[in-house]
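A structural walkthrough
The primary structure of each chain is shown beneath.
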Amino acid sequence: MQCQICDENKNASYKCPKCRIRYCSARCFQKHKSSETCMEKDLQSKSIVQVPMTQIQLPIELGDDEESDRLSSHVLERIGHSTEVLELLKNSHLRTMIKSIDRSIHPADDMQKAMIEPIFVQFVDQLLKIVENKDKK
């Protein structure tokens, strides 16, 4: 993917943790960060109880050996059209937990911590039903 900041480097391996724009280097990230193009609604400023998560870092890109873990576009479409999933995602606490896990240095550890939250367990169970094709719609 091409860097969306300098438009020169075709190896944009990183994404902005706020707006997910692709960039290739720390220099491009600093340029982007100081511009007004980075837009994300700051959920942290709201008074939402959060599950304690570890430090935040840039999202990790999947390597070639992890490509097989990606969901097919068909399954993603089924998730996106699931009324149960959409209903669960109306919960701001759940959305905050998902974002924290996505940005975490240790996502597996943080997902394990989130599994003590009933709303998160319900969300994961619903996703698994769809992924495992148990949701016969």
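Residues numbered from 1 in each chain as written. Predicted model: local features only at pLDDT ≥ 70, side-chain atom pairs only at ≥ 80, totals over all residues. Heavy atoms only, no water.

This next bit is on the overall build of the chain. The helix and strand inventory of the chain stands at six helices and two strands. The helix and strand sequence of the chain, counted from the amino end, reads β-β-α-α-α-α-α-α. Looking at the chain residue by residue over its 137 residues, the buried ones come to 28%. Surface accessibility of the chain: about 9,700 Å² in total, with carbon and sulfur atoms responsible for 54%. (Helix = DSSP H or I, 4+ residues; strand = E, 2+ residues; numbered from the N terminus. Buried < 20%, exposed > 50% of the residue type's maximum accessible area, 1.4 Å probe, protein only. Areas by Shrake-Rupley, 256 points an atom, 1.4 Å probe, with all protein chains shown as cover.)

Counting 13 residues, the largest nonpolar core has Leu-94, Met-97 and Phe-120 as the members making the most contacts within it. Per element, the largest residue contribution to this core is five residues, and it comes from helix α6 (residues 118–131). Among the nonpolar cores identified, the runner-up in size contains nine residues, and Ile-5, Ala-12, Cys-24 and Phe-29 belong to it. (Core = buried A, V, L, I, M, F, W, Y, C linked by side-chain atoms within 4.5 Å.)

What follows deals with helix α4 (residues 92–102). All of the buried residues along α4 are His-93, Leu-94, Thr-96, Met-97, Ser-100 and Ile-101. Buried residues of α4 fall within an arc of 160 degrees about the axis and therefore sit on the same side. Its buried side turned inward, α4 meets α3 (83–88), α5 (107–114) and α6. Two to three positions downstream of the cap, the backbone nitrogen of His-93 sits 2.9 Å from a side-chain oxygen, assigning the N-cap of α4 to Asn-91. (Arc of directions from axis to C-beta. Contact = heavy atoms within 4.5 Å. Polar contact = N/O pair within 3.5 Å; in protein donor to acceptor, adjacent residues only side chain to side chain.)

Below, the discussion takes up the environment of Lys-15. Topologically, Lys-15 is positioned in strand β1 (residues 14–15). Between the alpha carbons of Lys-15 and Cys-3 there is a distance of 9.5 Å; along the sequence they are twelve residues apart.

Turning our eyes to something else, we now look at the confidence of the model for the chain. Residues with a pLDDT of 70 or more make up 74% of the chain, whose mean pLDDT is 76. Here β1 is the element of the chain with the lowest mean pLDDT, 79, and α3 is the one with the highest, 93. (pLDDT = per-residue confidence, 0-100.)

A word on the packing of α4 against α6. Where α4 meets α6, the axes come as close as 9 Å, and the angle between the chain directions of the two elements is 75 degrees. Classified by the angle between their axes, α4 and α6 sit roughly perpendicular to one another. Contact residues: His-93, Leu-94, Met-97, Ile-98 and Ile-101 in α4; Ile-119, Phe-120 and Phe-123 in α6. Here the contact of α4 with α6 is built from residues that sort into seven nonpolar, one polar and no charged. (Axes fitted to C-alpha atoms, helices over the stretch in contact; angles between N-to-C directions. Parallel < 35°, antiparallel > 145°, perpendicular 65-115°, else oblique. Nonpolar A, V, L, I, M, F, W, Y, C, P; charged D, E, K, R; others polar.)

Residues Leu-71, Leu-76 and Val-131 make up a contiguous nonpolar surface patch of about 230 Å² in total accessible area. Among the secondary structure elements, Val-131 is positioned in helix α6. (Patch = residues over 30% accessible without salt bridge, like charges linked within 9 Å, V, L, I, M, F, W, Y side chains within 5 Å. Salt bridge = Lys/Arg side-chain N within 4 Å of Asp/Glu carboxyl O.)

The topology assignment puts Asp-102 in helix α4. Under the relative-accessibility criterion, Asp-102 is labelled partly exposed at 40%. Remark: the alpha-carbon pair of Asp-102 and Pro-17, spanning 85 residues in sequence, is separated by 8.9 Å.

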